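Chain by chain, the residues:
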Amino acid sequence: MALTEYSWLLLSAMFLSAGAEISITPEPDQPAEGDNVTLAVHGLTGELLAYNWYAGPTLSLTYLVASYIVSTGDETPGPAHTGREVVRPDGSLDIRGALLGHSGTYILQTLNRQLQTEVGYGHLQVYEILAQPVVLANDTELVERRDTLRLICSSPSPAEVRWFFNGESLPIDIRLGLSPDGRVLTRHGIRREEAGAYQCEVRNPVSVSRSEPINLTVYFGPERVAIIHDSTTRTGCTIKVDFNMSLTLWCVSRSCPEPEYVWAFNGRALKNGQDHLNISSMSAATEGTYTCIAKNPKTLLSGSASVVVKLTAAVVAMSIVPVPTKPTEGQDVTLTVQGYPKDLLVYAWYRGPASEPNRLLSQLPSGNWIAGPAHTGREVGFTNCSLLVQKLNLTDAGRYTLKTVTLQGKTETLELELQVAPME
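Residue numbers here run from 1 along each chain, matching the order of that chain's written sequence. Only residues with pLDDT of at least 70 are given local features in this predicted model, and only at 80 or more are side-chain atom pairs given and counted; all residues enter the totals for whole chains, interfaces and linings. As a rule here, side-chain values cover all heavy atoms of the structure and leave hydrogens and water aside.

## Section: the overall build of the protein
In this description a helix means any DSSP run of H or I spanning at least four residues, a strand means any run of E spanning at least two, and both kinds are numbered starting from the N terminus. In terms of regular secondary structure, the protein is built from one helix and 35 strands. Each radius of gyration is computed over the set of C-alpha atoms, and the globule rule expresses the reference value as 2.2 Å times the number of residues to the power 0.38. Since a compact globule built from 424 residues should have a radius of gyration of about 22 Å, the 42 Å found for the protein marks it as more spread out than a globular shape. Taking the principal axes of its C-alpha atoms as reference, the protein extends roughly 130 × 45 × 40 Å. Looking at the 424 residues of the protein, the share that counts as buried comes to 45%. Relative accessible area decides the class of each residue, using a 1.4 Å probe on protein chains only: under 20% of the type maximum gives buried, over 50% gives exposed, and in between gives partly exposed.

## Remarks on the state of the cysteines
Pairs of cysteine sulfur atoms within 2.5 Å are identified as disulfides in what follows. Under the counting rule described, the total for this entry stands at two disulfides. Two residues, Cys153 and Cys200, share a disulfide whose sulfurs are 2.0 Å apart. Disulfide Cys153 to Cys200: torsion about the S-S bond roughly 70°, handedness right-handed. One end of the pair, Cys153, is in strand β12 (residues 149-154); the other, Cys200, is in strand β16 (residues 196-204), and 47 residues separate them in sequence. Pair check on accessibility: Cys153 and Cys200 agree, each one buried.

## Here we look at the pattern of salt bridges
Here, a salt bridge means any side-chain nitrogen of Lys or Arg that lies within 4 Å of a carboxyl oxygen of Asp or Glu. The final tally for this structure, using the stated rule, is twelve salt bridges. Two residues, Arg113 and Glu47, come together in a salt bridge whose shortest N-O distance is 2.7 Å. One end of the pair, Arg113, is in the loop between β8 (104-112) and β9 (117-124); the other, Glu47, is in the loop between β2 (37-42) and β3 (48-55), with 66 residues separating them in the sequence. Between Glu160 and Arg162 there is a salt bridge, with its nearest N and O atoms 3.3 Å apart. You can call Arg162 partly exposed: its relative accessible area is 37%.

## A few points about the sheet that holds strand β10 (residues 134-137)
Should DSSP find at least two bridges between two strands, the strands are regarded as paired. An order of β10-β12-β15 is seen for the three strands of this open sheet, with the pairing classed as antiparallel. Every interior strand has two partners, whereas the edge strands, β10 and β15 (184-187), have only one. With direction set aside, neighbouring strand axes in the sheet form an average angle of 15°. Examined bridge by bridge, β12 and β15 share four bridges and lie antiparallel to one another. Looking across to β15, one finds that Leu149 is bridged to Arg187. Helix axes are fitted only over the stretch in contact, all axes being lines through C-alpha atoms; the angle between N-to-C directions runs from 0 to 180 degrees.

## Quick word on the packing of aromatic side chains
Aromatic rings from Phe, Tyr and Trp, taking only the six-membered ring of Trp, are treated as a pair when their centres fall within 6.5 Å; an angle between ring planes under 30 degrees marks them as stacked, one over 60 as edge-to-face, and anything in between as tilted. Overall, the coordinates contain three aromatic pairs when judged by the stated rule. Each ring, one from Phe165 and one from Tyr198, has its centre 4.9 Å from the other, and the planes form 45°; the classification is tilted. Highlighted residues: Phe165 in strand β13 (residues 160-165) and Tyr198 in strand β16, separated in sequence by 33 residues. Tyr198 carries the same exposure label as Phe165, and that label is buried. Here Arg192 stacks its cationic end above the ring of Phe220, 3.8 Å away from the centre of that ring. Counting as a charge over the ring demands two things of the Lys NZ or Arg CZ atom: a distance within 6 Å of the ring centre and an angle within 35 degrees of the ring normal.

## Regarding the side chain of Ser362
You can see Ser362 is positioned in strand β30 (residues 359-363). Under the relative-accessibility criterion, Ser362 is labelled buried at 11%. Polar contact is defined as a pair of N or O atoms within 3.5 Å, subject to the rule that within protein one atom must be able to donate a hydrogen and the other to accept it, and that residues adjacent in sequence are counted only when both atoms are side-chain atoms. A polar contact is formed between the side chain of Ser362 and the side chain of Arg359, at a distance of 3.0 Å. Contacts between residues were defined by any pair of non-hydrogen atoms, one from each residue, lying within 4.5 Å. Aside from chain neighbours lying at most four places away, what touches Ser362 is Tyr347, Ala348, Asn368, Trp369 and Ile370.

## Notes on the environment of Asn204
Within the secondary structure, Asn204 sits in strand β16. The buried category is assigned to Asn204, whose relative accessible area is 18%. Taking C-alpha positions, Asn204 is 5.9 Å from Ala159, a pair spaced 45 residues apart along the chain. Residues in contact with Asn204, not counting those within four places in the same chain, are Tyr127, Glu128 and Leu130.

## Side note on the sheet that holds β9
Taken together, nine strands build an open sheet; the order of strands is β5-β4-β3-β8-β9-β1-β2-β7-β6 and the sheet is mixed. Bordering the open sheet on either side are β5 (74-77) and β6 (85-87), each of which pairs with just one other strand. Neighbour to neighbour, the strand axes of the sheet diverge by 20° on average, direction disregarded. Sheet topology note: the strand β1 (residues 22-27)/β9 ladder contains two bridges and is parallel. Looking at β9, one finds that Ile22 is bridged to Gly120.

## Quick look at the pairing of β5
Pairing analysis gives four bridges linking strand β4 (residues 64-69) to β5, with the strands arranged antiparallel. Residue Tyr68 lies in a different strand from β5, and its bridge partner there is Glu75. The hairpin formed by β4 and β5 contains four residues between the paired strands, and Gly73 there has a positive phi angle of roughly 75°.

## A few points about unusual backbone geometry
Here Gly221 and Pro222 are connected by a cis peptide whose omega angle stands at 10°. With respect to the helices and strands, the residue Pro222 is situated in strand β18 (residues 214-229). Of note in the backbone geometry, Asn266 takes a positive phi value of approximately 50° without being a glycine. Residues other than glycine seldom take positive phi values, yet Cys385 does so here, at roughly 80°. Note on Cys385: relative accessible area 0%, which makes it buried.

Just geometry here; none of it tells us what the structure is for.
Here it is as structure tokens:
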């Protein structure tokens, strides 16, 4: 009886033999879509009459790719034939221009002269040539510690995903915000250090593709607002200027973007929107407190710094003036000392009476100050004896005592009752 069409398939159930193990390996082992692939067969033994190739998990006619008669070289396509498969005389299967759909399990069934069949199994994975992914962001302009960043690596391919920050592999602390599949990066309370260029990359064994960078801006500040004169920070200080001389005050801060500046003189706003203020001719009319207010239009935060500008004059009695004079809760206040001793050796500030448990800070002869038992971390001392108290709260109201000691050993003590208005 001649073997025609699928007639010999009916014999397989009757004469199935264990035989030697047949193995199937793809060549190349990691083909890309469009490659020519050979499913090479190893372990064939004996004189074979025919081959059947299946593209599926079982020996079902539905999955039959082709039948091949060895003696004649005749090949008959099956229902699963795509027009790209060709059976070789040695039993191997060639797939010309493999597609992604060719991935899966393949079974080779052989028939020998004893009408016994053997089967071998193999697996083919055809890899996609990956298209460039795109990074999608919920926003590219965020406010530090307030906003949440969410980046999505958009790619139609189920490939491995890697992220890059400013061209380098994503730092470990940022990688902690990745979803399990690596495609979503979330950062709650974004920080300024995380501003920069983000990219994602998809990869498989045959292809790598990286997205275009998406640039993230993180707004912050203003912080550390200060007034500078002659390249020296003068915040909280009294600046002495000779009559008819000029003076330029600069306002600086750490902020992104650059803040908008407003200057005030003795609490009244000046028509000046620049980061510096010029006093062209010093006189009694220009004496007073100058305040710079820095406002960030993106974070909607602001900060301020003040200095007292006075005409140079003879030594006057020492006094303490709070700047601003009526501070409110949350503001900074500078207890400005006027007429402090020029031969000053040391000074100390106290919160209440001048006793050691109440000491806020002391300045040493070296010019450095050290914190005392009552220091809260918000007090800063200056060389002119002034004291800056930052971010006032209602409990900061009350008596403050300054004690000075001169090189000649003269001691002087001054007290001030500070009032703090509640925030409206």
